[in-house]
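# Structure at a glance
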Amino acid sequence: MLDLARQHDLVPEEIYNEKGRTAEDAILQQVLMYDIARVTKRPLVVAQVDAAQCYDRVALAMAALTLRAFKVHNSSVLGMLKPLHCMEFYLRTGFGQSESYFGGKEQGKHGLAQGNGAAPPTWQQISTIMINAQHSKGHGVDIVCPITMKKIRQVGIAYVDDTNLWDGMAEDDDVDSAAHKSQAGINDWGGFLQASGGALNPEKCSATIHNLEPDGKGGWIYPDQKKEEPSREEEAEWEELDDLPFFVPQGDNDAAQIKRLSTDHAVENLGLYTRPDGKSDNHFEQMRERVTTWTAQIKSGTIPTRSVWMSYTHQLWAGL
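These numbers come from a predicted model, not from an experiment.

Here we take up the overall build of the protein chain. What the protein chain contains, in helices and strands, is nine helices and 16 strands. If you line up the protein chain on its principal axes, its C-alpha atoms span 75 × 60 × 45 Å. Burial analysis of the protein chain (320 residues in total) assigns 39% to the buried set. When contacts within the protein chain are restricted to residue pairs at least 6 apart in sequence, those whose partners lie at least 24 apart make up 66%.

Written out as C-alpha cells, the structure is:
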C-alpha cells in the first residue's frame, strides 16, 4: 500500500513519519516557517493539536474504507480488521482466567491495537485523507521559493499523531484574520479526526500567534513580549489581542479552550524545543543537560571504552 502511494506521489509533504524522513526534518520545517514569517513580517498562527489515544480510537469502518481506497485487497482488510473487531478479552490473574469476557461479536470494539504492524501505515493513510481534506477547505500557507518562484501550499507538519496546523501568511492578513482562519482549520481538523473515531486532547493542544509590529524606532517587536504597560492608544489593541482564545472541538457539539502561548515560550515539539521568535536558549539548555547527565553516568560507571564510544554515538550524539 505504501509503495503504491509513493509511486504515485500520494504521500503529502506534510507527513514526516514517512520513509526517509525524521522528526528532526519536521522541526526544521517548523523553524523555517517561523523564519519566513519573521522575514516577511506577516502573521502566522501555529496550532499544535494532539490526537488522544491515536491508534486505539480509530473507527474500523473508516480504516476499512481508507485501506480499500488505497488498493488494499478486500480479503486483506477483513483479515486484519474482523479479528480486531470481534476480539474477546478475558481477565487472567493468579487465581486463574475468567470464564466471562467482554467484546466479541456481541460488543465489537474498535481501534488498530498497539503492536499491530499494519497500524502505522493505516494511520498514515488516514492522515493523508485528513490532510487532503484540509487542503480542499483552503487551509494552510503558501511557501514560495525565492529563486525559482515555485509555490507550494502546506497545512502544517504531521508526525504520527503530533500535528502543527498553519494558517495566515497572506499579504492582506492581520492578526484577526489569521486567528479566524486558524480556528476554522482547527475545527475542520477536529471534525475530520472525530469522523475517523479520534478526538483532540485539549490538555496537549496549544496555539501561538507569530506577529511583528513596528516599535516606532525603526525596528520590529513582538507585541506579546512588551514589558512596559501599553499606552491608552495601544490599550484597545492589547485587549483585542488578549481576547483571541482558541478552542478544539469535542464530542456532543462541545468545545474546549486550549492554551494561548506567547512568542517567547519554548514549545517542546517532537522532543525538541522551538521558539517562534527564533531564539534557541531552551534547546541549548536541553542539550547541555543531556551532555551533563550522560557524562556523569559514564564517569560513575565501569563500562569498557568501546561501549562508551557506542553510547556516545548512538545515545548522546543521536539525541542531540
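Turning our attention to the nonpolar core. Judged by nonpolar contacts, the single largest core of 42 residues is most densely connected at L81, L112 and F246. Examining the composition of this core, we find that six residues originate from one element, helix 6 (residues 175-195), more than from any other. Not counting the four nearest positions on each side in its chain, L112 is found in contact with Y55, V58, L60, A63, L81, L84, A119, T122 and W123. Among the nonpolar cores identified, the runner-up in size contains 12 residues, and Y34, I143, W166 and M169 belong to it.

What follows is about the packing of aromatic side chains. Scanning all chains against the criterion turns up five aromatic pairs. Arranged with centres 5.4 Å apart and planes meeting at 50°, the rings of Y90 and Y101 form a pair that is tilted. On the criterion of sequence distance, the pair formed by Y90 in the loop between strand 2 (88-89) and strand 3 (92-93) and Y101 in the loop between strand 4 (96-97) and strand 5 (102-103) is long-range, its members being 11 residues apart. Taken together, the aromatic side chains of W294, W309, Y312 and W317 make up a single cluster linked through ring pairs. When the ring centre of Y16 is taken as reference, the NZ or CZ atom of R21 above it lies at 5.0 Å. Looking at K41, its charged tip hangs above the ring of W220, at a distance of 5.4 Å from the centre.

For the rest of this paragraph, the subject is unusual backbone geometry. The residue K71 is not glycine, and still its phi comes out positive at about 70°. Checked against the element boundaries, K71 lands in the loop between helix 3 (60-69) and helix 4 (74-85). In this structure K71 comes out as exposed when scored by relative accessible area, which is 63%. For N253, which is not glycine, the phi torsion reads 55° and is therefore positive. Positionally, N253 belongs in the loop between strand 13 (246-250) and strand 14 (254-261).

If you check helix 2 (residues 23-40), its first and last C-alpha atoms are 26 Å apart, about what 18 residues at 1.5 Å a residue would give, namely 26 Å. Along helix 2, the residues classified as buried are A23, A26, I27, Q29, Q30, M33, Y34 and A37. End-on view of helix 2: buried residues confined to an arc of 155°, all on one side of the axis.

The next point concerns the confidence of the model for the protein chain. Per-residue confidence for the protein chain gives a mean pLDDT of 87, with 94% of residues at or over 70. Considering each helix and strand of the protein chain separately, the mean pLDDT is smallest for helix 7 (residues 232-242), with a value of 45, and largest for helix 6, with 95. When the criterion is pLDDT under 50, residues 234-241 qualifies, and its contacts beyond four places in sequence or with other chains add up to 11 contacts.

If you trace the backbone, S196 turns up in the loop between helix 6 and strand 10 (206-210). Since its relative accessible area comes to 3%, S196 is described here as buried.

With that settled, the discussion passes to the pattern of salt bridges. By the definition in use, this model includes seven salt bridges. Note that E13 and R21 form a salt bridge whose closest N and O atoms lie 3.0 Å from each other. You can call E13 partly exposed: its relative accessible area is 48%. The class for R21 is partly exposed, based on a relative accessible area of 26%. Put simply, R288 and E285 hold a salt bridge, and the shortest N to O gap is 2.5 Å.

Analysis parameters
- Residues numbered from 1 in each chain as written.
- Predicted model: local features only at pLDDT ≥ 70, side-chain atom pairs only at ≥ 80, totals over all residues.
- Heavy atoms only, no water.
- Helix = DSSP H or I, 4+ residues; strand = E, 2+ residues; numbered from the N terminus.
- Buried < 20%, exposed > 50% of the residue type's maximum accessible area, 1.4 Å probe, protein only.
- Contact = heavy atoms within 4.5 Å.
- Core = buried A, V, L, I, M, F, W, Y, C linked by side-chain atoms within 4.5 Å.
- Phe/Tyr/Trp six-rings, centres within 6.5 Å; stacked < 30°, edge-to-face > 60°.
- Lys NZ or Arg CZ within 6 Å of the ring centre and 35° of its normal.
- Expected span 1.5 Å × (residues − 1).
- Arc of directions from axis to C-beta.
- pLDDT = per-residue confidence, 0-100.
- Salt bridge = Lys/Arg side-chain N within 4 Å of Asp/Glu carboxyl O.

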